[in-house]
Number of protein chains: 2
Amino acid sequence: MPYYIGDVIQDQNKLIARTPEKFRESGIDVQISARVEGIDPARGEVSLQDGRIFPYDVLVMATGTSAFVPDMPGLDLPGVVSLRSLEDAVRIKTWLREKNAKRVVTIGGGFIGLEMSEALSAAGISTTIIHKDPLPANRWDPVLSQMMLEELQAQGVKFVGGASAQGVEKGTSAPLRVLTDRGDYEGDLVLLAIGVRPDANLARATGLKIGTTGAIAVNFSQQTSIENIYAAGDCCESFHRVSRRWVNVPLGDIANKQGRVAGRNIGGRPMTFDGIVGAQSFRLFSLQCAAAGLSEREAIAAGFSPASHVAWGSAMAPALGMRKIGLKLTADRSTGRLLGAQAVGAAGAVGRINALSVALWAGMDLDQVGYLDLAYSPPFSPAWDIIHNAAQALGRSL
Amino acid sequence: MPYYIGDVIQDQNKLIARTPEKFRESGIDVQISARVEGIDPARGEVSLQDGRIFPYDVLVMATGTSAFVPDMPGLDLPGVVSLRSLEDAVRIKTWLREKNAKRVVTIGGGFIGLEMSEALSAAGISTTIIHKDPLPANRWDPVLSQMMLEELQAQGVKFVGGASAQGVEKGTSAPLRVLTDRGDYEGDLVLLAIGVRPDANLARATGLKIGTTGAIAVNFSQQTSIENIYAAGDCCESFHRVSRRWVNVPLGDIANKQGRVAGRNIGGRPMTFDGIVGAQSFRLFSLQCAAAGLSEREAIAAGFSPASHVAWGSAMAPALGMRKIGLKLTADRSTGRLLGAQAVGAAGAVGRINALSVALWAGMDLDQVGYLDLAYSPPFSPAWDIIHNAAQALGRSL
């Protein structure tokens, strides 16, 4: 029987129902609050801090990520919290309720920080976002991030771009004050949403190969460099089908797939995890934001010569109304191969990026994308969808 | 300069703005209300009913479709109308306004008849739909059509399934009465929405090759069997990439693409139209309905051995709420290749069918579809999307 280290719960919605007792009923021994001190791969043993030792035939590393915590004073003040685990979420909710919080200062304007502003707004709490770059969500093109910024402003979220947080101290009008090079901002809670790093410390100490990304290196069967140790989820790498490189993309759907592939291989029904295309989405109030594939910078790093085009249009036939959508496509100049796609819009952005994710998966070029057969109907698209228009316009420019 | 026969206006929204005069300003001579009597391909001449003769170097057949009109008495009564052209639409709107219409009887429960019930409902007019089959929209699986039926009923549309219309006569409580083998239904207007047939009469008379579908046969360059005569749109065939057969699918987006490909080839910048996968969608009040690829019946006719699975789920993560969606996938038993997809749901059905259309285009199998990288985010899908669940469940059953 394999033991699992870390978070094996694939569906957080079921977490409350699936206590260790519930797992035990299914014959699965879950040890919570059990800190692993070391792994001895030669003996096939996991030793816990409390002295207990668990032998294994097969081991799965599922250690996930750690929240990245910047080096600045005041982060030990009560009310300064990271956002990574379910425990963090419970702690934040309790704090907000107990302090009757009205304003949160979030350090980090990536998609997690942005999603939090929406969740807090729904709870009647306003947010100030401190972000190092001028615009939110750096993965997206500035013209698309500009749409997000306008939505934040329309929804009453204060976005302080191009600002570097330098510390947290006690506030005067509110319990906490975040100091930045572009002014100080007070709030009842300070949320650190600067990103996460794969938690590969135990893997490194065990002698497992760590990839250039800092995450655990695996093969297409989710096996690490030691044959009977597998890894799955945010702590390990995935093969990016567009860049043909191993990357670390800590997203829940990828973790789910890797977990199932690892389980299949351990259980004797072998299969491979054939990789990712970097598909991702989030909702920002009334906007859908989605992306897949490579940014221009990533494309250059992967050896391509990228060209891009941003198309604007409506997610429905203009005769039925306008639902503004922007779509950026990136392709390789020499082959016309689609390399990346980003969309932001009032509707239809996620569906379009999903269609383009499949096109990226299949390695399609702009000639194909420009004439794809999509499910046209005026409430959902013009006869020439923005996908067609963007692909044809980019194709003409190559 | 080529002449165009039929409807060259690609975007009906611009119709009013683009009168023949407007076209002439762009150097395009548009003759409206000009009935073609014959084409002489040997001389390269088109002769009109009024005696005028137009010589051509290149000719494009864009004759579209004719509404299918059943053989029954009473169809010549005022207020019995087909729905095909913009003129039909104008006639219907005028009639409804002038008669202060309250109820319309629609013969035909395909997607056009269903879309009409929504449009009429928005105008405060109720609809009775007479349909030959027990459930609407035959292309969709009965369990998905059942969802449509429930939506019709919830929206106050009367659906009379399994009924054969036998004639129209003057009514008593309303101007018109439709007689069926399942009762008689009165209304201010009777709409024939039984389908369309490719209008290939002129092509046939000209000696152009007609396909087994009854539509004009073309090659991948939209050329007919006579080198300098092209065809585009509903009057001609398209290559179906899944069945590998030539089909006639009269949909506006396909017509647009074929028109552009014909134009490119005529204009000396050759390109091919690489076919369709049968992607299609319509909105039915609060439901999105979409499909792509082959039904089981079509799959068998194309030489496959199909198996299908219908999955039910939510278009968003259940923790955020339920938005019911049903997805049917059909695949080939021997190869696992995806052959078709149908979805009906409160949200996300069109986006998912678009992603699956691209998968059909690329010829993917269920193993690939089951692990596609899609843009996961709880407002838009669970971590395992219904696409993954359906593909894996169908794969297990093969």
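## Some remarks on the sheet that holds strand β3 (residues 45–48) of chain B
Residue and element names in this part refer to chain B.
Consideration 1: Reading across from one edge, β2-β3-β4 is the order of the three strands in this open sheet, with antiparallel pairing throughout. Of all the strands in the sheet, just β2 (36–40) and β4 (53–55) have a single pairing partner and so form its edges. In this sheet, neighbouring strand axes are inclined to one another by 20 degrees on average, regardless of whether the strands run parallel or antiparallel.

## Topic: the domain arrangement of chain A
Interface size is commonly expressed as the accessible surface area that is lost when the partners come together.
Residue and element names in this part refer to chain A.
Consideration 1: What the domain assignment reports for chain A is domain 1 (3–61 + 198–266), domain 2 (80–196) and domain 3 (280–397).
Consideration 2: Here domain 2 and domain 3 have C-alpha centroids that lie 29 Å from each other.
Consideration 3: The interface is formed by 18 residues belonging to domain 2 together with 23 residues belonging to domain 3.
Consideration 4: Put simply, domain 2 and domain 3 have two salt bridges between them.
Consideration 5: For the interface between domain 2 and domain 3, the tally reads nine residue pairs in polar contact (both at pLDDT 80 or more).
Consideration 6: Of all elements in the fold, only α3 (111–122) and α4 (142–154) reach the threshold of two or more residues within the side of domain 2 that touches domain 3.
Consideration 7: Each residue belonging to the side of domain 2 that touches domain 3 can be placed in one class, and the counts come to 10 nonpolar, three polar and five charged.

## Brief notes about the side chain of B:His240
Residue and element names in this part refer to chain B.
Consideration 1: Along the chain, His-240 turns up in strand β17 (residues 238–240).
Consideration 2: Its relative accessible area of 5% is what places His-240 among the buried residues.
Consideration 3: A distance of 3.4 Å separates a polar atom in the side chain of His-240 from the backbone nitrogen of Ser-243.
Consideration 4: Excluding residues that lie within four positions of it along the chain, His-240 makes contacts with Arg-245, Val-247, Ile-276, Val-277, Gly-278, Gly-293 and Leu-294.

## A word on the pattern of salt bridges
Consideration 1: Taken as a whole, this structure holds 24 salt bridges over all chains when the rule is applied.
Consideration 2: B:Arg24 is paired through a salt bridge with B:Asp29; the nearest N and O atoms lie 3.8 Å apart.
Consideration 3: When its relative accessible area of 27% is taken as the criterion, B:Asp29 is described as partly exposed.
Consideration 4: With its nearest N and O atoms 2.6 Å apart, the salt bridge here joins B:Lys328 to B:Asp141. Separated by 187 residues along the polypeptide, B:Lys328 in strand β22 (residues 324–332) and B:Asp141 in the loop between β9 (126–130) and α4 (142–154) bring together distant segments of the chain. Comparing B:Lys328 with B:Asp141 shows no difference in burial state: the two are buried.
Consideration 5: A single salt-bridge network, built from bridges that share partners, covers A:Asp141, A:Glu296 and A:Lys328.

## Here we look at the interface of chain B and chain A
Consideration 1: The partner chain A presents 46 residues to the 47 residues of chain B that form the contact.
Consideration 2: Here chain B and chain A share an interface that buries about 4,200 Å² over both sides, 62% of which is from carbon and sulfur atoms.
Consideration 3: Connecting chain B to chain A are 18 residue pairs in polar contact (both at pLDDT 80 or more).
Consideration 4: Sorting the residues of the side of chain B that touches chain A by element identifies α6 (252–266), β19 (280–284), α8 (349–362) and α10 (386–397) of chain B as the ones contributing at least two each.
Consideration 5: Ranked by the residues each element gives to the side of chain B that touches chain A, the list is headed by α8(B), at 10 residues.
Consideration 6: For the side of chain B that touches chain A, a count of residues per class yields 26 nonpolar, 15 polar and six charged.

Analysis parameters
Residues numbered from 1 in each chain as written. Chains lettered and ligands numbered in written order. Predicted model: local features only at pLDDT ≥ 70, side-chain atom pairs only at ≥ 80, totals over all residues. Heavy atoms only, no water. Pairing = 2+ DSSP bridges. Helix = DSSP H or I, 4+ residues; strand = E, 2+ residues; numbered from the N terminus. Axes fitted to C-alpha atoms, helices over the stretch in contact; angles between N-to-C directions. Domains from an automatic or database assignment. Contact = heavy atoms within 4.5 Å. Salt bridge = Lys/Arg side-chain N within 4 Å of Asp/Glu carboxyl O. Polar contact = N/O pair within 3.5 Å; in protein donor to acceptor, adjacent residues only side chain to side chain. Nonpolar A, V, L, I, M, F, W, Y, C, P; charged D, E, K, R; others polar. Buried < 20%, exposed > 50% of the residue type's maximum accessible area, 1.4 Å probe, protein only. Buried area = accessible area lost by both parts, 1.4 Å probe.

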